[in-house]
Amino acid sequence: MFSNPRGTKDILPDEIGYWHRIEKVAHQVFSAYNYQELRTPIFESTQLFERSIGNQTDIVEKEMYTFLDKGNRSLTLRPEGTAPVVRSYIQNGLHKQQQVSKLYYCGPMFRYERPQAGRYRQFHQIGVECLGSALPFADAETIALGVHLFDELGLSDLSVNINSVGCSVCRPVIEERLKQYLSSNLSALCEDCNARFESRPLRILDCKKPQCQPYFSAIPNIRDSLCQACNDHFSSLLEYLAELGIEFNINPRLVRGLDYYSRTTFEIISDKLGAQNAICGGGRYDTLVEKLGGPATPAVGFAFGVERAVIILRELEDALQTKAPNLFIAPLGENQRTKSFYILNELRRAGIQCEMDYTSGSLKAQLKQANRYRSEYTLIFGEEEAQREVAILKKMINGDQVEVPLDQLVDYLVKTINQQ
Ligand code: AMP
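No experiment lies behind these values; they were computed from the predicted model shown.

Definitions and limits used
Residues numbered from 1 in each chain as written. Predicted model: local features only at pLDDT ≥ 70, side-chain atom pairs only at ≥ 80, totals over all residues. Heavy atoms only, no water. Helix = DSSP H or I, 4+ residues; strand = E, 2+ residues; numbered from the N terminus. Rg over C-alpha atoms; globule rule 2.2 N^0.38 Å. Buried < 20%, exposed > 50% of the residue type's maximum accessible area, 1.4 Å probe, protein only. Contact = heavy atoms within 4.5 Å. Near = heavy atom within 4 Å. Polar contact = N/O pair within 3.5 Å; in protein donor to acceptor, adjacent residues only side chain to side chain. Areas by Shrake-Rupley, 256 points an atom, 1.4 Å probe, with all protein chains shown as cover. Nonpolar A, V, L, I, M, F, W, Y, C, P; charged D, E, K, R; others polar. 1 Å grid on protein atoms, 1.4 Å probe; cavity = no way out; pocket = protein on both sides within 12 Å on 5 of 7 lines; lining within 4 Å. Points joined across faces, edges and corners; volume = space filled by probe spheres on them. Core = buried A, V, L, I, M, F, W, Y, C linked by side-chain atoms within 4.5 Å. Disulfide = S-S within 2.5 Å. Domains from an automatic or database assignment. Salt bridge = Lys/Arg side-chain N within 4 Å of Asp/Glu carboxyl O. Expected span 1.5 Å × (residues − 1). Phe/Tyr/Trp six-rings, centres within 6.5 Å; stacked < 30°, edge-to-face > 60°. Lys NZ or Arg CZ within 6 Å of the ring centre and 35° of its normal. Pairing = 2+ DSSP bridges. Axes fitted to C-alpha atoms, helices over the stretch in contact; angles between N-to-C directions.

Novice: An account of the overall build of the protein is requested, with residue identities and associated values reported.
Specialist: On a plain count of helices and strands, the protein comes out with 16 helices and 16 strands. Against the globule reference of 22 Å for 420 residues, the protein gives a C-alpha radius of gyration of 28 Å, more extended than a compact globule. Counting every position in the protein, which comprises 420 residues, the buried fraction comes to 51%. When contacts within the protein are restricted to residue pairs at least 6 apart in sequence, those whose partners lie at least 24 apart make up 68%.

This is the structure we're talking about:
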């Protein structure tokens with residue numbers, strides 16, 4: 001017997017309803033904000049991720065599924081969606097079509113992480129990228145879009161954490177101040193923090209190890225070190241969010257694990273997710289397009305984890321049952337079964353979700369099966385009904401029955417079932 005690889009999971013029928021709902025709501029909400037879907041390959045050249053995410057990040061150093069293909073090319077299963085979108089945006093000249101491009105994607109991502117609840121090696125992200133606007137309106141709209149999406153899904157008790165990590169002008173100042181502050185306690189910080197101290201001091205703030213936490217309690221406020229332009233951008237963004245009625249917490253430790261972020265970083269977190277509490281993460285990345293060979297293009301985006309959204313929805317709703325067929329056909333006898341098979345086909349083409357018995361069971365067994373499917377109606381079609389050219393429609397919740405002439409069956413069922 002085989003089992004699925006560690007860190008992956010099967011999405012079983014009792015869960016798939018949540019996935020469909022999340023995808024449907026995402027398509028609807030994104031289209032209200034004028035986003036269009038883009039689908040990119042699941043693997044890309046390894047260099048694309050090295051250059052964009054950054055060589056010294058956890059993702060690139062430890063987590064990529066990288067392999068050589070038979071032509072000796074180094075390819076990587078995509079660990080995230082932004083770099084492929086930007087690659088495609090540049091390669092296909094999307095920047096020439098519109099000043100601002102709004103693109104979204106849905107699909108599997110791959111990271112060799114230590115699996116735990118809400119953390120997988122193959123997981124799914126839905127994300128948006130707004131390319132071409134440097135205005136803080138774009139950041140505000142992106143965050144508002146995330147909040148709107150989760151509201152629409154009925155995900156409650158989420159909070160928005162926000163920060164600014166500055167730009168190439170003020171980042172060195174921010175990093176220097178942080179280093180000064182941490183330097184006297186460096187020996188007490190963990191190995192990872194020490195390794196990051198020289199090359200990526202900001203990433204130290206991401207450390208979750210208990211031993212390091214006391215040393216972060218009074219870190220210098222990043223806002224005090226932002227340049228005027230970054231400070232103005234951040235202030236405007238906070239003002240717009242407040243006007244939009246979006247509550248947020250400024251979290252000066254929110255730096256995120258990918259190198260390409262500049263200015264705004266944000267996360268939407270849930271207290272229903274345990275240790276892996278971020279459902280959505282994103283931010284601005286004003287230099288990435290140029291770094292990947294395109295024209296200088298400011299951009300902002302986010303991605304959320306579908307598995308984590310499903311965990312919260314499940315907890316909220318116990319079980320959103322997979323959609324049951326509205327109608328179950330219970331034929332009795334060979335001829336009736338064959339005729340039912342054709343009726344089934346006709347009803348499905350008329351838009352009725354239906355199923356029939358394929359086991360030649362007794363009426364009792366078939367009604368039991370209809371109940372197991374939780375179908376609203378059962379159509380009983382025995383020899384006697386066939387002779388009179390009728391079928392019996394039974395409402396399962398109260399046992400009410402009506403006879404429907406076969407030649408009116410489709411119309412009758414379409415009317416009855418669509419009225420629900
Ligand atoms: P990131 O691309 O790291 O900014 O992550 C964005 C979102 O993707 C997170 O907030 C999670 O919801 C989801 N995510 C990231 N990594 C994983 C993972 N290994 N397993 C499940 N979901 C993940």
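Novice: Could you give an account of the site of the ligand, naming the residues involved and the relevant values?
Specialist: Around the ligand, the surrounding shell holds 15 residues, and the nearest of these are Arg111, Glu113, Tyr120, Arg256 and Ile279. A distance of 2.8 Å is found between a nitrogen atom of the ligand and a backbone nitrogen or oxygen belonging to Tyr120. Protein chains shield 91% of the accessible area of the ligand, which is 480 Å² for the free molecule. Contributions of two or more residues to the shell around the ligand are made by strand S6 (122–131), strand S10 (278–284) and strand S11 (299–305). Taken together, the residues of the shell around the ligand break down into six nonpolar, four polar and five charged.

Novice: So what about empty space enclosed by the protein? Which residues, and what values?
Specialist: Applying the stated rule across the entire model yields one cavity of 30 Å³ or more. Lining the largest cavity, in full, are Ile174, Arg177, Leu178, Leu202, Leu205, Pro220, Ile222 and Ser225. Tallying contributions element by element places helix H7 (residues 171–183) first for the lining of the largest cavity, with three residues. A breakdown of the residues in the lining of the largest cavity according to their chemical character gives six nonpolar, one polar and one charged.

Novice: So what's going on with the nonpolar core? Residues and values would help.
Specialist: Grouped together as the largest cluster of nonpolar side chains are 94 residues, with contacts concentrated most on Ile22, Phe30, Phe150, Phe216, Ile279 and Phe304. A per-element tally of this core places helix H6 (residues 136–152) first, with eight residues. Setting aside chain neighbours within four positions, we find Phe216 in contact with Leu182, Leu189, Cys193, Ile204, Leu205, Cys207 and Arg253. Formed by 18 residues, the second largest nonpolar core is a distinct cluster that contains Met356, Ala391, Leu409 and Ile417.

Novice: Outline the state of the cysteines, supporting the account with residue identities and numerical values.
Specialist: Evaluation of the coordinates by the stated rule reveals zero disulfides. Looking at the unpaired Cys193, the closest cysteine sulfur is the one in Cys190, lying at 3.6 Å. What makes Cys193 buried here is its relative accessible area of 0%.

Novice: I'd like to hear about the domain arrangement of the protein, residue by residue, with values.
Specialist: Per the domain assignment, the segments of the protein are domain 1 (13–170 + 226–316) and domain 2 (327–418). In this structure, domain 1 and domain 2 have C-alpha centres spaced 48 Å apart.

Novice: Go over the layout of surface pockets, please, and point to the residues and values.
Specialist: Approximately 490 Å³ is the volume attributed to the second largest pocket. In terms of lining, the second largest pocket is formed by 22 residues, of which the most central are Arg171, Asp259, Tyr260, Tyr261 and Ser262. Of all the secondary structure elements, the ones that give two or more residues to the lining of the second largest pocket are H7 and helix H11 (288–291).

Novice: Could you give an account of the side chain of Thr57, naming the residues involved and the relevant values?
Specialist: By the element assignment, Thr57 lies in the loop between helix H2 (46–53) and helix H3 (58–63). The class for Thr57 is buried, based on a relative accessible area of 1%. The contact partners of Thr57, leaving out residues within four places of it in the chain, are Gly257, Leu258 and Asp259.

Novice: Before we move on, can you summarise the pattern of salt bridges with the specific residues and values?
Specialist: Pairing between side chains of opposite charge can happen when the charged atoms of each approach one another. Tallied over the full model, the rule gives 21 salt bridges. For Lys179, the salt bridge identified is with Glu198, shortest N-O distance 3.1 Å. Within this pair, whereas Lys179 is found in helix H7, its partner Glu198 is found in helix H8 (residues 191–199), the two being separated by 19 residues in sequence. For Lys179, a relative accessible area of 15% translates into the label buried. What makes Glu198 exposed here is its relative accessible area of 57%. Beyond isolated ion pairs, a larger network of salt bridges with shared partners links Lys9, Asp14, Glu15 and Arg314.

Novice: Describe helix H1 (residues 13–32), with residues and values.
Specialist: With 20 residues, H1 extends 29 Å between its outermost C-alpha atoms, agreeing within 8% with the 28 Å of an ideal straight helix rising 1.5 Å per residue. Elements in contact with the buried residues of H1: strand S5 (101–110), S6, H6, S11 and helix H12 (306–317).

Novice: I'd like to hear about the packing of aromatic side chains, residue by residue, with values.
Specialist: What characterises a pair of aromatic rings is the spacing of the ring centres plus the angle enclosed by the ring planes. Summed over the entire model, instances satisfying the criterion amount to eleven aromatic pairs. Following the ring pairs from residue to residue traces out a cluster consisting of Phe30, Tyr35 and Tyr104. Directly above the aromatic system of Tyr112 lies the positively charged group of Arg121, at a separation of 3.9 Å from the ring centroid.

Novice: Tell me what's going on with the sheet that holds strand S1 (residues 36–37), and back it up with residues and numbers.
Specialist: Sheet architecture is open: eight strands sit in the order S1-S5-S6-S11-S10-S9-S7-S8, paired in mixed fashion. The open sheet has two edge strands with one neighbour each: S1 and strand S8 (248–250). Pairing of S5 with S6 involves ten bridges; the strand directions are antiparallel. Paired with Phe110 across the bridge in S6 is Gln122. Relative to the sheet, H1 contacts S1, S5, S6 and S11, its axis offset from that of S6 by approximately 5°.

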